[in-house]
Amino acid sequence: MRGQEPRSSSSCAACKFMKRRCTPQCLFAPYFRADEPNKFAKVHKVFGASNVTKILNEVPEPQRHDAVNSLVFEAEERLKDPVYGCIGAIASLQDKMFQLQHDLALAKARLARCSSRTSYASCSTTSPFLMLDGDFGMTSFDDFTVDQSGLASDFRQHPFP
């Protein structure tokens, strides 16, 4: 069986996955280590080895590690959510950010109300929703908007269902 050479133990995950001999000039070896076989499997399933090769060849070498990390993230998100992929993850993070901004506004309103009172004990049992009596120019947080960097964000709007 001279045609089949034994695989070296130093083959990268990509070469092991594609069942080929890993050469010292292997494009995948620096980015898909042998102890991370699922990393390449996910990227291969979503993008294909040929496309990954083309992408890595187009990216300057100092930026390839970042490009591979991006491909891995995008592949993982696409496998989790085939419809939205990483855009769904971004939308989810935006929702969390908007909720945290809303919570921060509530906390600031409560802090302002408590600091304006003489007795801090009366603030400790006050619900943040009881502060919506118009003292802060707001009667409801339903139409609360955050305006940072010139962007107004309405909490009732979301880019995805």
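None of these values were measured; they are calculated from a predicted model.

So, about the overall build of the chain. Summing up its helical and strand segments, the chain has six helices and two strands in all. Counting helices and strands in the order they occur from the N terminus, the chain gives α-α-α-α-α-α-β-β. Accessible surface for the chain amounts to roughly 11200 Å². Of this, 54% is attributable to carbon and sulfur atoms.

Excluding glycine, residues mostly have negative phi values, and the peptide bonds linking residues are mostly trans. Its identity is not glycine, yet Lys19 carries a phi of approximately 55°, on the positive side. Relative to the assigned elements, Lys19 resides in the loop between helix H1 (13–17) and helix H2 (37–47). Note on Lys19: relative accessible area 68%, which makes it exposed.

Turning to H2, its buried residues are Lys39, Phe40 and Val43. The buried residues of H2 occupy one face: seen down the axis, they fall within an arc of 85°. Seen from the open side of H2, the exposed residues pointing more than 90 degrees away from its buried face are Asn38 and Lys45. Close packing links the buried residues of H2 with H1, helix H3 (49–58) and helix H4 (64–80). Among the residues trailing H2, Gly48 stands out with phi positive, at a value near 90°.

Cut-off values and rules
Residues numbered from 1 in each chain as written. Predicted model: local features only at pLDDT ≥ 70, side-chain atom pairs only at ≥ 80, totals over all residues. Heavy atoms only, no water. Helix = DSSP H or I, 4+ residues; strand = E, 2+ residues; numbered from the N terminus. Areas by Shrake-Rupley, 256 points an atom, 1.4 Å probe, with all protein chains shown as cover. Buried < 20%, exposed > 50% of the residue type's maximum accessible area, 1.4 Å probe, protein only. Arc of directions from axis to C-beta. Contact = heavy atoms within 4.5 Å.

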